[in-house]
2 protein chains.
Amino acid sequence: MERDFIKELGYKALDNRLKRISDRMSHDTRKFFKEIEIDIEPSWHLVFKLLQENDVITMVEIAEQLGYTHPSMVVMLKKMTAKGYLVSEKDTIDKRKQNIKLAQKSIDLLPELEQIWHSCENAIYKMLDKDLSIIKHLDEIEESLRAIPFNERFNSEYQKVKH
Amino acid sequence: MERDFIKELGYKALDNRLKRISDRMSHDTRKFFKEIEIDIEPSWHLVFKLLQENDVITMVEIAEQLGYTHPSMVVMLKKMTAKGYLVSEKDTIDKRKQNIKLAQKSIDLLPELEQIWHSCENAIYKMLDKDLSIIKHLDEIEESLRAIPFNERFNSEYQKVKH
DNA sequence: AAAATATAATTAGTTGACTACATAGTTAAC
DNA sequence: GTTAACTATGTAGTCAACTAATTATATTTT
């Protein structure tokens, strides 16, 4: 077993640690999707879920509710549309808006997708050993970052030590 | 305050949650580096730290100790070399190996970098409200993922429900 | 009514990870 | 001493996020 420098650093490499875990999970998920030959990206999960709840929704609304920038969403939604999972049409009242909804292809696939997501959620639940207390920690971190962005925190520490 | 769908989903969107936090932190860090006009990528942090401890080291060793694939490291180390922070030369005994070490430019910069990293670590420590228990959770998650990869976990849950 | 501002979507370019494959050199097996 | 297997590195292509700047349309102000 070789050395794990990031683990050794503990909280000091928090950022790297979080990224490493989330990358590991999404790459593994992509691998699984390939195995079961479903033509869907893992990252589309939440878009499908959101559109299941909201018949019609605009790009900006999706971005806001998922906490991403809209340029990120544009790219993702364009891919999903290209693959035939979404349809979008211009709003007749406000012509800047694109109203997005699930295409029939998605609606047909939903029962299958539900099973997949449910399996994913169960896998996470068991991986966490049914201990959900980490979520509270994550809530707190995001709360802190919302209150004072990390670059500000970083900078005020830096101002103390730099000469 | 708009809705936060990912937060609502709790453990079910663990992956997205971890990614969102780590992305937020690294983008904020990059922003800070721009502000103080230092020509360094946040992701180089651990490479510098590792090379501070190990005078000379090969690409594969860096990749292993940081827990990344070597293609990822090749790209990063090439950039760092191009910017003059690293020097590498072929091992005389084993000509496949590239021996990598800090260039003078990096050595001169180290005191400054030390201050920056120290500030970063302090910022994280305070952001966590001095409660480091989240790290234990992360250790456990990585331990679980190492024992059984996520795609396997996902798959065994899926086999139970699919018809 | 015209000008200024705001909003929705888009495009382009950057970063940082990955997998899969290719190449070069080393070591082991026969 | 060849051949086979392994190891170190490199290349190509994919993916998901970002920021910054652009375009088109709406809204507000003067």
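Each remark here, short or long, concerns the structure printed above.
Every chain is numbered on its own, with residues counted from 1 as its sequence reads. In the order they appear in the text, chains get letters beginning with A and ligands get numbers beginning with 1. Per-residue local features are limited, in this predicted model, to residues with pLDDT of at least 70; the limit for side-chain atom pairs, both in listing and counting, is 80 or more; totals at the level of whole chains, interfaces and linings are taken over all residues. Side-chain descriptors were evaluated using all non-hydrogen atoms of the structure, hydrogens and water having been removed beforehand.

**Student:** Talk me through the nonpolar core; I want residue IDs and the actual numbers.
**Tutor:** Ranked by internal contacts, the top residues of the largest apolar core, which has 96 residues, are L14(A), F48(A), F150(A), L14(B), F48(B) and F150(B). With residues up to four places along the chain from it excluded, the contact list for F48(B) reads I40(B), M80(B), Y85(B), L102(B), S106(B), L113(B) and W117(B). Nonpolar cores were defined as sets of buried Ala, Val, Leu, Ile, Met, Phe, Trp, Tyr and Cys residues, with membership established by side-chain atoms within 4.5 Å. To sort residues, take the accessible area from a 1.4 Å probe on protein chains only and compare it with the maximum for the residue type: under 20% means buried, over 50% means exposed, and anything in between is partly exposed. In what follows, a contact means two residues having at least one pair of non-hydrogen atoms within 4.5 Å.

**Student:** For helix α8 (residues 150-161) of chain B, give the residues involved together with the corresponding values.
**Tutor:** For α8(B), with twelve residues, the first-to-last C-alpha span of 17 Å sits near the 16 Å given by 1.5 Å per residue. The way it works is that DSSP assigns letters per residue, a run of H or I at least four long becomes a helix, a run of E at least two long becomes a strand, and they are numbered from the N terminus. Buried within α8(B) we find F150(B), N151(B), R153(B), F154(B), E157(B) and Y158(B). All buried residues of α8(B) fall inside an arc of 160° around its axis, so they share one side. In this structure, the buried residues of α8(B) make contact with α2 (14-35) and α6 (104-127) of chain A together with α7 (133-147) of chain B. Helices are assigned an expected span. That span is 1.5 Å times one less than the residue count. As used here, the arc is the angular range of directions from the helix axis to the C-beta atoms.

**Student:** Tell me about the relation of the copies chain A and chain B, residues and numbers included.
**Tutor:** These two copies of the chain differ by a rotation about an axis and a displacement along the same axis. In this comparison the copies share one frame, found by least squares on the C-alpha atoms of residues holding pLDDT of at least 70 in both. Aligned on chain B, chain A shows an RMSD of 0.1 Å; the corresponding rotation is 180° and the shift along the axis is 0.0 Å. This pairing of chains is accounted for by a two-fold axis. With an isologous cut-off of 70% or more, the 100% of interface residues of chain A that recur at the interface of chain B puts this contact in the isologous class.

**Student:** Would you mind going over the protein's contact with DNA strand C in detail, with residue names and values included?
**Tutor:** For this description, a residue counts as near a given molecule or strand if any of its non-hydrogen atoms is within 4 Å of it. Neighbouring residues of DNA strand C: 27 residues in total, closest M59(A), Q98(A), S43(B), T69(B) and S72(B). Polar contact criterion, stated in full: a pair of N or O atoms within 3.5 Å, where within protein one must be able to donate a hydrogen and the other to accept it, and residues adjacent in sequence count only if both atoms are side-chain atoms. Separating a base oxygen of DNA strand C from a side-chain N or O atom of R96(A) is a distance of 3.0 Å. For the surface near DNA strand C, the elements supplying multiple residues, two or more each, are α2, α4 (59-66) and α5 (70-82) of chain A together with α5 (70-82) of chain B. In terms of residue class, the surface near DNA strand C is made up of eight nonpolar, seven polar and twelve charged. Under the grouping applied here, Gly and all other residues not named as nonpolar or charged are polar, the nonpolar ones being Ala, Val, Leu, Ile, Met, Phe, Trp, Tyr, Cys and Pro and the charged ones Asp, Glu, Lys and Arg.

**Student:** Kindly report on the interface of chain A and chain B, identifying the contributing residues and their values.
**Tutor:** Taken together, the contact pairs 79 residues of chain A with 79 residues of chain B. Using a 1.4 Å probe, buried area is obtained as the accessible area two parts lose upon being combined, added over both of them. Considering only the side of chain A, the residues that lose the most area to chain B are Y11(A), F150(A) and F154(A), jointly responsible for 9% of the buried surface there. Here a salt bridge means any side-chain nitrogen of Lys or Arg lying within 4 Å of a carboxyl oxygen belonging to Asp or Glu. Run the count over chain A and chain B and you get ten salt bridges. Put simply, K126(B) and E157(A) hold a salt bridge, and the shortest N to O gap is 2.9 Å. For the interface between chain A and chain B, the tally reads 24 residue pairs in polar contact (both at pLDDT 80 or more). At the level of elements, α1 (5-9), α2, α3 (45-53), α4, α6, α7 (133-147) and α8 (150-161) of chain A are the ones that each hand at least two residues to the side of chain A that touches chain B. Looking at the side of chain A that touches chain B, its residues break down into 35 nonpolar, 17 polar and 27 charged.

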